[in-house]
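# Report on the structure
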Amino acid sequence: DANQEFIGLGAASIASGLFQGFPVNGSQTRSVVLDDSGAKTQMSGLISSLLVIVTLLVLTPVFELLPNVALAAIVMVAGIGLFDVKEMKTLWRLQRADFILMVLTALGVIVIGMLPGILIAVVLSLLDVARRSTTPHTAVLVQVPGTDTFRDSDNVGDGEAIPGLLIYRFDAPLFFANVSVMTDQLTSLVKEADPPIEWVLIDAESIPDIDTTALQGLGELLEDLSDAGITV
């Protein structure tokens, strides 16, 4: 339970701060090393801690002359296991934006450092959320031949449009930053339609929320279409 682990880490850090102890944190590479060693439960962390204590108190002279490169090699071997090539290929195939975000985050961690790299990932993720919200997926729906089903015209090559009827779907919450996408697209689709559009059907099933600015923009769109003699 990741949330429970965060609560534990937070409580330990607060206690360390109150009693002037060391800050507490987790280690990705150490987790990988334990996993590769066959560890299955939290007991592995306790045993690891006991071995660290024994090493500090008794075995320090044995490791004193161990070169840093040997320690670095252990971390690198563990870190290589964090690179999941199969998952990378999956991201590239399913969502290119997530793949690019992964690459930029990895480069940030390698070139700049762990914390700056994580901050870069957070900022880029927020920017990606904003991008997806302001440029949502939209669709003109057409009837699948021989059925009563309507699908995105981009996915149905032989779809049939009902003459004079435009069915438009907007796949995102409607708010101030993206309402212009809907109004501009609908206006453009109506102007370019042949034969002329007489009815517009807005499929709002994928619109879970509308803010007041979007509501005003939608109202103005309805007025413009009504003035053009189009029924919505």
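Residues numbered from 1 in each chain as written. Predicted model: local features only at pLDDT ≥ 70, side-chain atom pairs only at ≥ 80, totals over all residues. Heavy atoms only, no water.

### Overview of the overall build of the protein chain
Looking only at helices and strands, one finds nine helices and four strands in the protein chain. Put simply, the protein chain runs from its N terminus to its C terminus through helices and strands in the order α-α-α-α-α-α-α-β-β-β-α-β-α. Scaling as 2.2 N^0.38, a compact globule of 232 residues should have a C-alpha radius of gyration of about 17 Å, whereas the protein chain reaches 28 Å, well beyond that. The dimensions of the protein chain, computed from C-alpha atoms along their principal axes, are 90 × 40 × 30 Å. When the 232 residues of the protein chain are sorted by exposure, 19% land in the buried category. Contacts spanning at least 24 positions in sequence make up 59% of the contacts within the protein chain whose residues lie at least 6 apart. Counting only carbon and sulfur atoms, one obtains 64% of the accessible surface of the protein chain, whose full area is about 16700 Å². For the protein chain, the separation between the mean place of its 11 positive charges and that of its 27 negative charges on side chains is 13 Å. (Helix = DSSP H or I, 4+ residues; strand = E, 2+ residues; numbered from the N terminus. Rg over C-alpha atoms; globule rule 2.2 N^0.38 Å. Buried < 20%, exposed > 50% of the residue type's maximum accessible area, 1.4 Å probe, protein only. Contact = heavy atoms within 4.5 Å. Areas by Shrake-Rupley, 256 points an atom, 1.4 Å probe, with all protein chains shown as cover. Lys, Arg positive; Asp, Glu negative; His and termini not counted. Charge placed at Lys NZ, Arg CZ, Asp CG, Glu CD.)

### Things to note about the pairing of strand S4 (residues 199–203)
Where strand S3 (residues 165–170) lies against S4, five bridges are found, and the strand directions are parallel. For arginine 169, the partnering residue across the bridge sits in S4 and is aspartate 203. Chirality of the crossover, the property in question, places the unit of S3, helix H8 (residues 179–192) and S4 among those that are right-handed. (Pairing = 2+ DSSP bridges. Right-handed = clockwise from strand over helix to strand, strands pointing away.)

### Observations concerning the nonpolar core
Among the nonpolar cores identified, the biggest contains 18 residues, and Phe170, Leu174, Met182, Leu186 and Val200 are the most heavily contacted of them. Among the elements of the structure, S3, H8 and helix H9 (212–227) are those that each provide at least two residues to this core. In terms of residues, this core owes the most to one element, H8, which gives five residues. Filtering out sequence-adjacent residues up to four positions away, phenylalanine 170 remains in contact with Pro136, His137, Thr138, Asn178, Val181, Met182, Asp203, Ser206 and Ile207. (Core = buried A, V, L, I, M, F, W, Y, C linked by side-chain atoms within 4.5 Å.)

### Quick word on the sheet that holds S4
Taken in spatial order, the four strands make up an open sheet running S2-S1-S3-S4, and their pairing is mixed. Two strands in the sheet have a free side with no partner beyond their single neighbour: strand S2 (150–152) and S4. Across the sheet, the mean angle separating the axes of adjacent strands is 35° when strand polarity is ignored. Lying on the sheet, H8 is in contact with strand S1 (138–143), S3 and S4; it crosses S3 at an angle near 160°. (Axes fitted to C-alpha atoms, helices over the stretch in contact; angles between N-to-C directions.)

### Points about the pairing of S3
By the criterion of burial, S3 is predominantly enclosed, with five of the six residues buried. Bridging between S1 and S3 involves three bridges; their strand directions are antiparallel. Bridge pairing in S3 places threonine 138 opposite phenylalanine 170.

### Overview of the packing of aromatic side chains
Evaluated as defined, the whole model comprises two aromatic pairs. Geometrically, the ring pair formed by tryptophan 92 and phenylalanine 99 is edge-to-face, given 5.1 Å between the ring centres and 75° between the ring planes. Judged by relative accessible area, tryptophan 92 falls into the partly exposed class, the value being 42%. Relative to phenylalanine 176, the ring of phenylalanine 175 lies with its centre 5.3 Å away and its plane at 90°, an arrangement referred to as edge-to-face. (Phe/Tyr/Trp six-rings, centres within 6.5 Å; stacked < 30°, edge-to-face > 60°.)

### Comments concerning the side chain of threonine 183
As for its placement among the helices and strands, threonine 183 is situated in helix H8. Filtering out sequence-adjacent residues up to four positions away, threonine 183 remains in contact with Gly217 and Leu221.

### What to know about the packing of H8 against H9
The geometry of H8 relative to H9 is characterised by a closest axis approach of 9 Å and an angle of 15° between their N-to-C directions. If you check the angle between H8 and H9, you find them roughly parallel. Crossing of H8 over H9 shows right-handed handedness. Of the residues in H9, those in contact with Val179, Met182, Thr183, Leu186, Thr187 and Val190 of H8 are Ala214, Gly217, Leu218, Leu221 and Leu225. Looking at the contact of H8 with H9 residue by residue, the class counts come to eight nonpolar, three polar and no charged. (Parallel < 35°, antiparallel > 145°, perpendicular 65-115°, else oblique. Left-handed = near helix turned anticlockwise from the far one by under 90°. Nonpolar A, V, L, I, M, F, W, Y, C, P; charged D, E, K, R; others polar.)

Worth remembering: the numbers are spatial, not functional.
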